[in-house]
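# Chain and residue survey
The primary structure of each chain is shown beneath.
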Amino acid sequence: MDDGRAAGSVRAPATEAPLSEAQSGLWFAQRLDPANPIFNTAHYVDIRGDLDIEAFRAAVDQTAVEAEALSLRLVERGGAVVQTLDPAHRPFLRIVDVSGAVDPAAEAMAAMRRDHETPLDPTRDPLAANILFRMEARRFLWSLRVHHLATDGFGMALLTNRVAELYNAARGGPAPGLAFNPIAKVWDEDAAYRASDKRTADAAYWRDIMGDAPEVASLAPGKATTAHRFHRIERTLPPEVTARLRARADAGRLSWPDVLTAIGAAYVRRFSGAEEAVIGVPWMGRMGSASARTPAMIMNVPPLRLTLDEDAPLDEQLILASKALIRTRRHGRYRSEQLRRDLGLIGGARRLYGPLVNVLPFDLPPRFAGLDTTLKVLGTGPVDDISFTFRGDADPALTLEVDANPDLYSLEEAAAHGERLAAFLANALDAETLGEVPIATPEEAARELEAFNATAYPVPDTTLTALLEAAMKATPDAPALTFGERTLTYAELDRRTAQLASALAARGVGREAVVAVALPRSLELVIALIAVLRAGGAYLPLDLEHPPERIAAIVRAADPTVVLADQDIGGAFGEALLTPVDWPLDGASPVVDQAGEDAAYVIYTSGSTGEPKGVLVEHRAIVNRLLWMQAEYGIGAHSRILQKTPAAFDVSVWEFFLALISGGELVVAPPAAHRDPAALAGLIRRHAVTDLHFVPSMLSAFLADPAAKEITVAHVFCSGEELSAELRDRFHQTVKAELHNLYGPTEAAVDVSYWAAGPEDRSRPVPIGRPVWNTRLVILDERLRPVAHGMGGHLHLGGVQLARGYLNRPDLTEDRFIPDPHHPGQRLYRTGDVARRRADGAVVYLGRSDHQVKIRGLRIELGEIEAAVIASGLARETVVLAREDRPGERRLVAYLVPAEGYDPVALKAALAARLPDYMVPAAIVALDALPTTSNGKLDRKALPAPVFEAAAGRAAQTPTEKIIAELFAETLGRAEPAGADDDFFTLGGDSLLAVHLMMLIRERLGRDPGLGALFDRPRVVELAAQIDAEALDFDNGLGVLIRVAEGDPALPPLFLIHPAGGLSWGYRTLARALSPRRTVWGVQSPALDPKNALPDGIEALASVYVDHILALGAPNFQPMGPVHLAGWSVGGVIAQAAAVELERRGVEVGLMAMLDSYPAECWRAEPEPDPVDALRALLAIAGYDPTQYPELRSRAAILAFLKAGDSALGGLPEAALDGVIRVVLDTNRLVRKHHHQPFGGRTTHVRAALDHKERDLTPGLWRPYAAELDVVEVPFLHPQLTGPAATALIAPALDVRMTAAEEKMR
Amino acid sequence: MTKLTPQDLTLERMRADVAAVLHEAPEAILDDDNLMDLGVDSLRVLNLSLQWSETVSLEFSELAEHVTLAEWWAIIRQKRAALGVES
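I will try to describe carefully the structure that is included in this document. Each chain carries its own residue numbering, running from 1 in the written order of its sequence. Going through the entries in the order they are written, you letter the chains from A and number the ligands from 1. Totals for whole chains, interfaces and linings use every residue, but because this is a predicted model, local features are given only for residues with pLDDT of at least 70 and side-chain atom pairs only at 80 or more, for both listing and counting.

### Digging into helix H14 (residues 490-506) of chain A
All names here are of chain A. In a regular helix each residue adds 1.5 Å, so 17 residues correspond to 24 Å; H14 covers 24 Å between its end C-alpha atoms and thus fits that length. C-beta atoms are placed from the backbone for every residue, and two residues are taken to be in contact when these atoms lie within 7 Å. Only DSSP runs of H or I with at least four residues qualify as helices, and only runs of E with at least two residues qualify as strands; both kinds are numbered from the N terminus onward. Buried residues belonging to H14 abut helix H13 (464-474), strand E15 (479-483), strand E16 (486-489), strand E17 (514-518), helix H15 (523-534) and strand E19 (562-565). Trailing H14 by a residue or two, Gly508 shows a phi angle of about 95°, which is positive. One fewer than the residue count of a helix, multiplied by 1.5 Å, yields its expected span.

Here it is as structure tokens:
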């Protein structure tokens, strides 16, 4: 027989065999975890009556001999392991008399527990033990414990039944049946099956059945690896349920165990929310085998996939399940461990099946003549996940045991599953379809709907406008709004918004009128928003970074009464446009009788139908949201909230208004600053910001920047995408602030739930938390029933914060805002988010139920992109996916079937014209046809991963391109360097990776093009060109004047005078911070060129510089404008001398700023510095921290280090380096002999406030030489002043002074 | 249902019982058919063993070891013989 069964053998019985496949898995598991006792299976029989102890002992001992597996011993030999029989290991009965104990039962139970909780070494220890505990004269507990290697559950039943049979025969009952088969028969069958064609056929069957199985979902997240113990819950199913079970099975001509299995699977499918149930169905594997009469480890757990259509008749589904079970049994011998290997499911979190559903109709207590017995199972082996075991004959006895892995389930959760499954089963047995069977218990439903949502809180019936106006009246002189150096008080804000509101009213704006606002972040933007509200209207923010076509489409759809913008974008605004220059300078706010249900704002989000949709939010909704946040986080007059989120993203709503309704100060970030970590850090420090928001991906980039270190604020709020536990922890290591995770869609007034993610929070994942005031978060199933506790479901929102709906789209509104079936008269918003509730009621976000994705926190409907692809006319069919081919790297990919004239470049251009940049797919893949599954659905799994490469691309060529291409690859984890035309973000870069790339560029090239440059020029060739352009300046730039940054030619430039080294390269960061507004020149020492003589003194040097500056003239700057000067360290001393010289020549000086410079007399008394120290100053000029390299103490060593380090300085010609060294060494001489002249203008001194601990160096030392002294203190050390963190403070301070000086001149 | 006697348990009676649990006609069940392949599972064997043990002492495991009607009949015939029933 080719299936290996009943292999008739004439050989002498073997006494040794390799491990069976079934044993091998257990052996390896036990070997991996030798201290784990869970591989011991155990039960005891509670015996009452006059037990004939000698007959019992004889029966047990004979069984111990017959059941050869009980004396198995494993032998390791040369790397392999075999099993052999060791007669010394036979489990002959031991009798323990506990009748003398105070509590004999407890004594016996404790002894049993000790026994079966003792891990066994199968190479050494006997695998089985029989113990009879004598509790009293007529009460005994018979304990049988066997390692799983020797037997399975069926074998345990064989053993107890055999003992009963022998006992009964000895007591005069019928003659016993045949003895057990020798174990060698089982070994022979195993060997025959392993070599059989049947096994090959089984393997093929399973690969076919399971090859396309979905990701297996279970009832709890986590890795299913057995613990050392398990939870056990046992409940008896009532006789009326077992009666209905048998009746339903009989009616369908089914077997009742199959019906139980199918309904158990239906429970698993429903709870897990998966498309299919994939459960394990333990199979005893005895049919037609010698092992039917042999205790041995035979049992297998094949997988069972069931689709279980909940809308189809249940009887049909039961028949399908029964057929699937029959097929499973036919191939049930093929080991699931092997199948796992076949399918590549070894290790990691991928599973073959989820929970087990096990039906054991055979497991009845043994029948001992004249005795009452009950059987209690203590352990059946490893519990990887959760097992539902039905034990009994259902006539009527049937118990449900829930065994659960304590690493994945609490005891309460395991008990809840038992209770729920019992109820689900009882209901299903009466149901026509599975769909009509609820899963939550009534208590769970009540908790989900009400107890978790007891958020009622009295909020005044008012409007956002009224709150703003009240705050304006309350503290008119307090600062309300700051942008750059401009600050408006509440009174000024009141006046300016009233003026614009009157103009809006004059143009017909009133209640329910929509006013579009398309202004960059500025004071005017905030004034515009408030003015719209004060005129009674609703504002509609437009994102200036979106393509004009999209802006025009939104304006067409919303039809605003007025558009507040700088210019008419794409000609879409027409007559409605009102530009800031036309805003009136007088007028009072119109009196509007506004109500809570009036529209407050409209924000457009991506729409799956291809058109963006406008969410209309009413005043009372946003009032609830703002007042909740004010109370929850103690926002008040002391608060300074940073406004950095683009207005078209709804997070901006609370940023704009929360400070202003609380008497606090709103700090408006410059446009584009929201993407620049260093700039943000500077803003936070400069304005002492207390509260701000980050999208988690941007928070990640922010924390990665050195400038973020030790920032201290009151609250940081995250929302927009998942806040990972890793990011939370990194946050608390870097920043001192409370961290709060908020959640909510635009459709429910920004946020509806909150979670404090403090340093003590260990949640993984970080929850989205609990509902805010007057808000409900309910998790419902497909039929809008509350889910069972802990089950995933569709998150629905209810309460006062719900939006009115989508502007002018009643169809879309009706689809997403549905009547609340549990609260008549109220509405629910279908978020499309899938969520789960933790035991404490906190909600955890699990994912999306539709095709909405988020990239960098921005909400994207893939349908909108698909519609744009089709609208281009270049594709016949398309599907757009957000792929995550590398963890944490989500990219949009468009798959399409090309239409006539298809051209990928033209398509990308068409998409870019219509969609915001973050919605343009990173890759486009043309296919002959979109793959489909057998039932005609799109087969997403069959879509190929896109190959990101430079399609038309040349390789990187110039040295800089090559380095950048390599750094792209290094940052993005690619094996090959990027192509010259590859785009960093297209290749998968995100803002966090961008920060890393910038660090690498700083290291390798010694240049810092800035994060902004990467966003502007993300392609290798562009970024390299940008870096080369800067380098070119420097390479050519050993002359006296070099242009460090290019700015507006209409503004007078700033001249930054070199420090001791004679070079101005160190001013790169400061110069970039001042551009693109202002051109910045570096002034360098002529002595860098060894051909030039050393200057006679500072005054002579200053005079040379003034000559150069004035010679520069138009068109480089307007000669009639003031000359702005600044310098760091010695550069400040020279700047002062140059200012004196300019004054002498009658040229107006604007800014004259010294960055931590002190008069020459401070140094004259000092000893001459060590020439080596002067040399070491070169390291600082090159961008290194000299204190890190104490070993570099000679000219040769320093030069070699600089050359090897690939810094820009190291690339200088030898002669130029000589020049630098010469200048460094000469500077001390010049300073010491210099005598300052007084400067008649204003001297601005930027003091490194953290420095000068040893000497009392103060700006006041300049007083003898300064007609007017203006001091700026920054919290840094002297050497840090030209770095990015200090620059964030210094650049704006310089800029505002230059502007003031220019205004004074006019 | 009247109580069965050992004489009643014949090969044809067993064939009819097996056919009934499979919803098949008795003539469709041949002596050497693999009953597992025809859909006889352990529960059905259990039920058959309970049914037949009314006549002869029979354990589920004795039947389960084999998968053809011929083999089952051989077991029953032995047990009938032990009880003195002629085949």
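Let's pick the thread back up.
### Some points on the pairing of E15(A)
Residues and elements named next belong to chain A. In this structure, E15 lies alongside E16, joined through four bridges in antiparallel fashion. When the bridges of E16 are listed, Thr482 appears paired with Thr487. Two strands pair if DSSP finds at least two bridges between them. What sits between the antiparallel neighbours E15 and E16 is a turn of two residues, in which Gly484 has the positive phi angle 60°. Across three bridges, the pairing between E15 and strand E24 (residues 665-668) is parallel. Following the sheet pairing, Thr482 is matched in E24 by Val667.

### A word on the interface of chain A and chain B
Taken together, the contact pairs 19 residues of chain A with 19 residues of chain B. Element by element, the count of residues in the side of chain A that touches chain B is highest for helix H9 (residues 314-330) of chain A, at three residues. Classifying every residue of the side of chain A that touches chain B gives 10 nonpolar, four polar and five charged. Only Asp, Glu, Lys and Arg are considered charged, only Ala, Val, Leu, Ile, Met, Phe, Trp, Tyr, Cys and Pro nonpolar, and every remaining residue, Gly among them, polar.

### A short note on the pairing of strand E4 (residues 80-85) of chain A
All names here are of chain A. For strand E1 (residues 16-18) and E4, the ladder comprises three bridges, and the chain directions are antiparallel. If you follow Pro18 over to E4, its bridge partner there is Val82. Relative to E4, strand E3 (residues 72-77) is paired through six bridges, and the arrangement is antiparallel. From the neighbouring strand, Val75 faces E4, where its bridge partner is Val82. Where E3 folds back onto E4 in an antiparallel hairpin, the turn is made up of two residues, including Gly78, whose phi is positive at roughly 55°.

### Looking at the environment of A:Leu19
Residue and element names in this part refer to chain A. Position of Leu19 relative to the elements: it lies in the loop between E1 and helix H1 (21-32). In this scheme every C-beta is placed from the backbone, and a residue whose C-beta has 20 or more other C-beta atoms within 10 Å is buried, one with 12 or fewer is exposed, and one in between is partly exposed. Overall, Leu19 belongs to the buried group, with 22 C-beta atoms counted inside 10 Å. Separated by 63 residues in the primary sequence, Leu19 and Val82 have C-alpha atoms spaced 5.7 Å apart.

### Section: the packing of helix H8 (residues 256-272) of chain A against helix H11 (residues 411-428) of chain A
All names here are of chain A. Working convention: axes come from line fits to C-alpha atoms, limited for helices to the stretch in contact. Angles between N-to-C directions cover 0 to 180 degrees. Between H8 and H11, the shortest axis-to-axis distance is 10 Å and the interhelical angle comes to 120°. Judged on the interaxial angle alone, H11 and H8 are oblique. The handedness of the crossing between H8 and H11 comes out as right-handed. Residue-level contacts link Ile263, Gly264, Ala266 and Tyr267 of H8 to Leu421, Phe424, Leu425 and Ala428 of H11. Across the contact of H8 with H11, the residue classes tally to seven nonpolar, one polar and no charged. Angular relationships are summarised with four words: roughly parallel below 35 degrees, roughly antiparallel beyond 145, roughly perpendicular across 65 to 115, and oblique for the angles in between. Should the near helix be turned anticlockwise from the far one by less than a right angle, the crossing is termed left-handed; should it be turned clockwise, right-handed.

### Here we look at the environment of A:His687
Residues and elements named next belong to chain A. Residue placement: His687 occurs in helix H19 (residues 677-687). Since 16 C-beta atoms lie within 10 Å of it, His687 is described here as partly exposed. Linking His687 and Leu642, residues 45 residues apart in sequence, is a C-alpha distance of 8.9 Å. Discounting residues that sit within four places of it in the chain, His687 has contacts with Thr482, Arg640 and Val667.

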